Every structure is written in C-alpha cells, then in structure tokens.
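The residues making up each chain are set out below.
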Amino acid sequence: MINPATSLILRQMRAPLIVIVTVFSIATLGMVIIPGVDENGQPWRMDFFHALYFVSFTATTIGFGEIPYTLTDAQRIWVLITIFFSVFGWFYALSKIVSLVQTPIFKKAVIHANFRRNLEQINQGFYLICGYGETGQDLVEGLANKEKRCVVIDNNPDAIETLEIQDYLSYVPGLEADAKNPSQLEYAGLTHPLCQGIIAVTDSDSCNLKIAITSKLLHPHIPVIVRSEHHDYEENMKSFDTDHTINPYDTFALSFAMAMKSPALYLLNEWLTGVPDTTLSAPVVFRSGHWVLCGYGRLGKRLFEILRQLNLSVTIIDTIPALKDEFHLSYPDDKTRFIIGTGTDADTLIKAGIEYAVGLVAGSDNDSNNLSTIMTAQMHNKILSIIARQNEMINKDLFIASKADVIMHPSEIVARRIRTLLDNPLLLDFLQECYQQTNEWINITVSSLSGSINELTPHCWTNTLNEVDAPAVHSALSKGRKITLKQILKSPMQRHQIICCLPLMIQRKSENILLPDNSEALEVGDKILFCGIRQAETHVEQCMLDIHTLNYVMSFKNTPDSFLGRVLTGNTRQKRRTDDR
Amino acid sequence: MNLEKVIFSFFMILALTLNFGFFYGDVHNPDHHNVYELYAVIVINLIATIMKFGDRSQLGAMLLATSLVANVQLISAAIVWAVAEHVGTAGVTEATMATIVSLSGGAVLANIISVVLLTLEASMLRH
C-alpha cells in the first residue's frame, strides 16, 4: 500500500511534470516541422530523434551547439522561443520536485518507513524503550552494548537525533512519535511478536501511566517497567498489574541508606550493577558524628528519615521557609536544627556546624549549588565525607573532580535497576539476600570478589542449566555424570588454570545458595550467578554449550563426533555410549 | 460537471483514439502509419499517466498501471523506429514496421482497458 505522504507528493508533482512534457513536446514538434538545410544547401528536416536530442540538451542548458547541421534563421527563431520556455520550464519543474521531496511531511514519511524496515529486520527479542532522556540513554547504552536489541520512541526530535549519532554495539532504531498515542506505540513495535518488554522512562508520570495501560491492553504478556515519581501514580499502575514501578527518589534513598548503613554493601552493589569494564569505585567508610543535609525537597525528606533512623545528629539547610514549617509539623519533638539558606555560602555552612561535622549531603536538585556547597565545605573541613547528588549527566566530570566520596545520579540509579531487572534478575535476588547478611559476611565477599577481578567493574551473568542455554552440561548431567563448580571454572585453553570468576549464588528450586563452595555438585535446572572478567563469561559459556570443551576441562576422555573419526579411533557408536557414562 | 474530470477523461480518451489511429492500417506498410501520430500518442499518453499520479484508490492504481503499460509499449515502438532509422543500415523495413505497429497495438489494448475502467467508474457513481 502506498504511503499517504508519497501519494500526496505524487499528486503535487503532476503539474510540474505536465509542464515539462508539454514544453518538450511542443519544442520538439517545432524543430521537426521547421525546414532546415544540410551542409550542401539541400533542404533537410530534423526527424523526431534528432529534434528530441536537440531540445533535451538545449532545455537542460548543456548546449552542444547547432548539430548535425548549422541551423537556418527560421530554426533559430524557434530555438530562441524554445530556450526561454523549456529552460525555465525545466528549472521550474526540477526545483518544484526537489522542494517537494524536502517537505517535512515527506521526510518524515521516509524516516518512518526506514524505521519500520529496521524493525522488521530485528530477528531476536527486543525491548521497547519509551523516552530517551538521561535514564533512557543510560539504559540503552547498557543494553545495546550487551548486544541486546532495543527500540526507542521519544517525542523530542533532538533526542532521536542524539540517538542517531550514537555508536552502540547493536543498532538501535529510533522513532520520533508520541508514546501516549496507542497507534504510534503499536507502530513502534509494541505488538511485534518479538517485543520482550516495554520500559516507560519518560519524564511525565501521566505519559508513563498511559504507556503502561496501552501495553497491558494490547500486548498483555510482556513485562512492563515504569518510572514513576508520585506514589498515587505508582498505586494506580500497580492496580492493573504493572510488573515493576520504579520511583527514582525511593531508589535513590534506598541506595543512600545502603551507603550509610553498610558502605561495604553499597560498594558490592556498585560493583555488581555498574557498567562492566569501567573503573571500579573505591570503598568508603563513614565515621559517626554530625551530618549536614543540604536540600529538603522530595528527596531530602527521604534522606533525613534515613539519617534519623541511624540516630545521627543532623542539621538541615534549605532555602524555602515553608519547608521549615512543614518539617516542624512532621517532627514536632525533633531537636534537629533547620537553617534557612542556600548552603552554598560559608556562613550558613558554619552555622550548620560544618567545621566539626563528619559528613555532608549535597542533595539539592541544582548541580551548581551542590558543587558550590561541596567546594565551600571542603575549605572548612578537610576530612569531611561527602555524598553528592548529581542531577545532570553532563556534570559527571565536575563531580568526579570535586572529590565527593559518593556520587549518586538518580537517573543512572534507575537505569541500573531496570538494566539489572531485564538483564540479570538473579542478581537482584542475590543483593536482596545480601541485605540479610552481617557486615562481616559482606566484607569477606567484597574482598574475595576483588581477588577474582581486575581493576575494572566486573561482568555479572547467569547461566541456567537447561537444554537450551547449557546443552552440554545438561546432557552430561542427564547421563548421570557428576559435575562440580570447580570443574567448570577451569580455563578451556589450559585446564590447569582457574579462570577469573566467582560464583555468587546458585538458585536451586526455591533455595538460594550464597557463595557456593567449589565442590558444590551441579544439578539440572540450577541457575548460577557468576561474576568475573569479560573472558571468564565466554569461557564459562563455552563449557556450557560445547560438550568437547566440557570433556576437556573435566579431563574426561573425548570422543570424535564424525563417522571417520570414530572408525579411525576404533570407537564404534556402541562403545561411545559406554564411554559417555 | 467537474472540469477536472473532463480534462482527465479527455486525455485518456484522446490517448486511445490517437493510438488507434496510428495502429489502424496495413501492419507492414509504412505509408499507413504516420510518425507524427506516434509522437502525439506518446505525448498524450505521458500526460495521461502523470494525471493519474497519487490516486490511492484501487481503481486509481489500475488506471495508472494500464497507462504505464501503454507508455512502455509506445516508447519501445519509438525506440525501435529510431534505432532502425539511425543506427541500423537497412532503414525502416516492412518487418520493423510490423514490430512498431504491433507494439502500438498492445498499447491500444491497455488504453481500451483504461477507458473501460473509467466508464465503469462513471456508471457506478450515484447521482
């Protein structure tokens, strides 16, 4: 079916094309009818072939000259008329056609058609990501660089342009369209059979809600992950079985609580959920004492609650007096001081006790203010621990340069959480288990982890011992062979070497085995969470997929697969079966 | 009455009549087939084709297709004529003429279908 825009353009091209045909045909006819003379002065007439040739090069201003014979004056008069009409007619029509092709509606139609073609070419499961803001960008980067396919829809043309110039490992098609419109979402691939999930991370809660409703109605079986800033929207989304709602403030506060209560756990979380192969974040330790909290907005309230639960003495700084009244209303008995001020000037900070404080939280929603607070505070207290809230991606380098101990970026935290949900849900189970553990246990885990990885953020992955994901191990286990964890952690290149990899957890039925021992025997259906360097992932994968590699690392006798190989080694099919036992 | 419809139908019927005029006559005899007439048929056919651009209906698609077929046939006939006269040494022989005329005969058929479709559409209109 022809596209409506193309049809419109074709209709508008009628007039210029008819102009060309008419002018050319009259000019050609004239050249044929008007008599001329050949080189010997004999009467001669152009035929249609020569006339069309002549008019074509004249009208397009190529102008080869008077060929085949010099023209007579009668012919020249006609050529003069021809030139004025055909050259202008030609340019008029040409410019009209070019401008039609460049109209926004036609360009848009071409872009949409390209998008659709790219979507049809996707032959593996993909995620539909609505909104390509900071969270969306972070999310797409993480997923696309792990060779997961993503499709992006955003109503901001600049965002789609940014996407076009990104260089991801797998191509990410982007559509400039309104995700609130169900037909646009459908066009973007919502009802595509390979669509594995939809992630709504636009900056508007109502838009995200609409996306969740649309996808639950049009493609009910795929998971929906939604970012939501308000609790009432969250409740609304949960009421119709939205799979995951993620509140950036709650997620941020959770991270903050983790950093405060157990820096080691925070570090573990950072390492395991971070973007692989980036620099590892350094461990932090917080001393107990006085804290200064700058910013008492939606996030600041949550952070204060956490600090209060830890029984720390806190001074709050915020510019808005109304928040002070609200604070005293919600905590009537609390002795915490609330200072009205920006927190960026030395006076306010000194009044808040920055000189004897152990920690500072720069948690306002303005990056310049946060940076200014950090720099002023550092001048008055050299050994201050600083937790900084970074609001915009572009300021990343500034925050790193500010030497804040912990830098938290809400959209990055949300992106991380979604990525882990999609990519490695077992890791979330593992982290959940870690919350229950003692600090000592976590410290031991962190140190054994740092032993098996390099200086870069490790890769985390899950292998499921089933027929599809691990055919080699599955078939060996089904034949009754005993395989221990230690055996699959040997290098397929050189089996005496152990690969840089740490099994974090085995999920067996509903039981979670944390940090399993190397002598742990594997069972069919186990889900194993590993963490290690990049090569380790491919090595383990190889053992899982290829029976010969598995036989090699287990020092098991290998048998040739081909008929000739079997005959040469004297292994008949019968004998081979007994070997496999 | 709609002027646009008149012009549209005019060009389509003119394309058919001119085409028939060129086609009519002894197949081999160059005297029966006028080169000016072939030229006029091609020009009118081109205009008729352009006028059918951009119609999204099923009938519009059929009309455009028949016109394109007629154009292909007629332009091939013109190319055969030009090649025979200017490239080859034999000139326009009886056999060449037969080829040209039969090609234009195909175009007549396509143009007839066009006009029939047009008439059908007109008769289906409720007044």
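What you see is a predicted model; the values in this text were computed from it and never measured.

Notes on the overall build of chain A
Helix and strand counts for chain A stand at 25 helices and 18 strands. The globule rule puts the C-alpha radius of gyration for 581 residues at 25 Å, and the 35 Å found for chain A is more than 25% above it. Across the 581 residues of chain A, 36% fall into the buried class. When contacts within chain A are restricted to residue pairs at least 6 apart in sequence, long-range pairs at least 24 apart make up 65% of them.

Digging into the domain arrangement of chain A
Domain assignment breaks chain A into domain 1 (4-101), domain 2 (123-246), domain 3 (255-426) and domain 4 (458-574). Relative to domain 3 of chain A, the C-alpha centre of domain 1 of chain A lies at a distance of 76 Å.

What to know about the sheet that holds strand β10 (residues 313-318) of chain A
Residues and elements named next belong to chain A. Taken in spatial order, the six strands of this open sheet run β11-β10-β9-β12-β13-β14, and their pairing is parallel. Two strands bound the open sheet, and with one partner strand each, they are β11 (337-340) and β14 (406-408). Strand-to-strand twist of the sheet, defined as the mean angle between neighbouring strand axes without regard to direction, takes the value 15°. Pairing analysis gives four bridges linking β10 to β11, with the strands arranged parallel. Looking at β11, one finds that Asp-318 is bridged to Ile-340.

Considering helix α1 (residues 4-33) of chain A
Over its 30 residues, α1(A) extends 44 Å from the first C-alpha to the last, a length consistent with the 44 Å expected when each residue adds 1.5 Å. The largest bend along α1(A) measures about 35° and falls at A:Arg14, with the proline A:Pro16 one to four residues further on. Residues of α1(A) that are buried sit in contact with α2 (48-59) and α3 (73-101) of chain A together with α2 (35-51) of chain B.

Here we look at the confidence of the model for chain A
Residues and elements named next belong to chain A. When the pLDDT values of chain A are averaged, the result is 86; 97% of them are 70 or greater. Mean pLDDT across the elements of chain A bottoms out in helix α25 (residues 573-579) (47) and peaks in strand β3 (residues 126-130) (93). A low-confidence stretch, residues 574-581 stays under pLDDT 50, and its non-local contacts, those more than four residues away or across chains, total seven contacts.

Concerning the sheet that holds strand β17 (residues 511-514) of chain A
All names here are of chain A. Judged by pairing direction, the sheet is antiparallel, and its four strands sit side by side in the order β15-β18-β16-β17 without closing on themselves. The two strands at the open ends of the sheet, each matched to only one other strand, are β15 (459-464) and β17. The average undirected angle you get between the axes of adjacent strands in this sheet is 20°. Direction of pairing for β15 relative to strand β18 (residues 527-532): antiparallel, over a ladder of six bridges.

Considering the interface of chain B and chain A
With 12 residues of chain B at the interface, the matching set in chain A holds 14 residues. Of the residues belonging to the side of chain B that touches chain A, the class tally is nine nonpolar, two polar and one charged.

Things to note about the nonpolar core
Where a protein is soluble and globular, its nonpolar side chains tend to be buried together. Among the nonpolar cores identified, the biggest contains 117 residues, and A:Leu128, A:Ile129, A:Cys130, A:Cys150, A:Ile199, A:Val292 and A:Leu293 are the most heavily contacted of them. Discounting residues that sit within four places of it in the chain, A:Ile199 has contacts with A:Tyr127, A:Ile129, A:Cys130, A:Leu139, A:Ile225 and A:Ile418. In terms of nonpolar packing, the next biggest core, distinct from the first, is built from 44 residues, B:Leu18, B:Ala48, B:Trp81 and B:Met97 among them.

A word on the environment of A:Ser206
Here A:Ser206 is to be found in helix α8 (residues 205-218). Taking the C-alpha atoms as reference, A:Ser206 lies 31 Å from A:Asn269; in sequence the two are 63 residues apart.

Comments concerning the pairing of strand β4 (residues 149-154) of chain A
All names here are of chain A. Counted residue by residue, β4 has five buried out of six residues, so it is predominantly covered. Relative to β4, β3 runs parallel, the two being bridged by five bridges. The partner of Phe-126 across the bridge, within β4, is Arg-149. Chirality of the crossover, the property in question, places the unit of β3, helix α5 (residues 134-144) and β4 among those that are right-handed. Judged from the three bridges that link them, β4 and strand β5 (residues 174-176) form a sheet pairing that is parallel.

Description of the environment of A:Gly30
All names here are of chain A. Considering the arrangement of structural elements, one finds Gly-30 in helix α1. Distance from Gly-30 to Thr-82, taken between C-alpha atoms, is 8.8 Å for residues 52 residues apart in sequence. Apart from the residues within four sequence positions on either side, Gly-30 is in contact with Trp-78 and Thr-82.

Quick notes on unusual backbone geometry
All names here are of chain A. Put simply, Ile-67 and Pro-68 share a cis peptide bond, and its omega is -5°. Mapped onto the elements of the fold, Pro-68 is located in the loop between α2 and α3. Positive phi, close to 35°, is recorded for Leu-515, a residue that is not glycine. Among the secondary structure elements, Leu-515 is positioned in the loop between β17 and β18.

Describing the environment of A:Asp365
Looking at the element boundaries, A:Asp365 is found in the loop between β12 (359-362) and α15 (367-380). C-alpha of A:Asp365 to C-alpha of A:Ile211: the two residues are 154 residues apart in sequence and 27 Å apart in space.

Thoughts on the packing of α2(B) against helix α3 (residues 58-87) of chain B
Residue and element names in this part refer to chain B. Remark: α2 packs on α3, axes separated minimally by 10 Å, with the N-to-C direction vectors making an angle of 150°. Our classification of the angle between α2 and α3 gives roughly antiparallel. Taken as a pair, α2 and α3 cross one another with a handedness that is left-handed. Residues Leu-38, Val-41, Ile-42, Asn-45, Leu-46, Ala-48 and Thr-49 of α2 pack against Ser-67, Leu-68, Ala-70, Asn-71, Leu-74, Ile-75, Ala-77 and Ala-78 of α3.

Cut-offs and rules
Residues numbered from 1 in each chain as written. Chains lettered and ligands numbered in written order. Predicted model: local features only at pLDDT ≥ 70, side-chain atom pairs only at ≥ 80, totals over all residues. Helix = DSSP H or I, 4+ residues; strand = E, 2+ residues; numbered from the N terminus. Rg over C-alpha atoms; globule rule 2.2 N^0.38 Å. Buried ≥ 20, exposed ≤ 12 C-beta atoms within 10 Å, placed from the backbone. Contact = placed C-beta atoms within 7 Å. Domains from an automatic or database assignment. Pairing = 2+ DSSP bridges. Axes fitted to C-alpha atoms, helices over the stretch in contact; angles between N-to-C directions. Expected span 1.5 Å × (residues − 1). Bend = angle between axes of the 7 residues up to and from the residue. pLDDT = per-residue confidence, 0-100. Nonpolar A, V, L, I, M, F, W, Y, C, P; charged D, E, K, R; others polar. Core = buried A, V, L, I, M, F, W, Y, C linked by C-beta atoms within 7 Å. Right-handed = clockwise from strand over helix to strand, strands pointing away. Parallel < 35°, antiparallel > 145°, perpendicular 65-115°, else oblique. Left-handed = near helix turned anticlockwise from the far one by under 90°.

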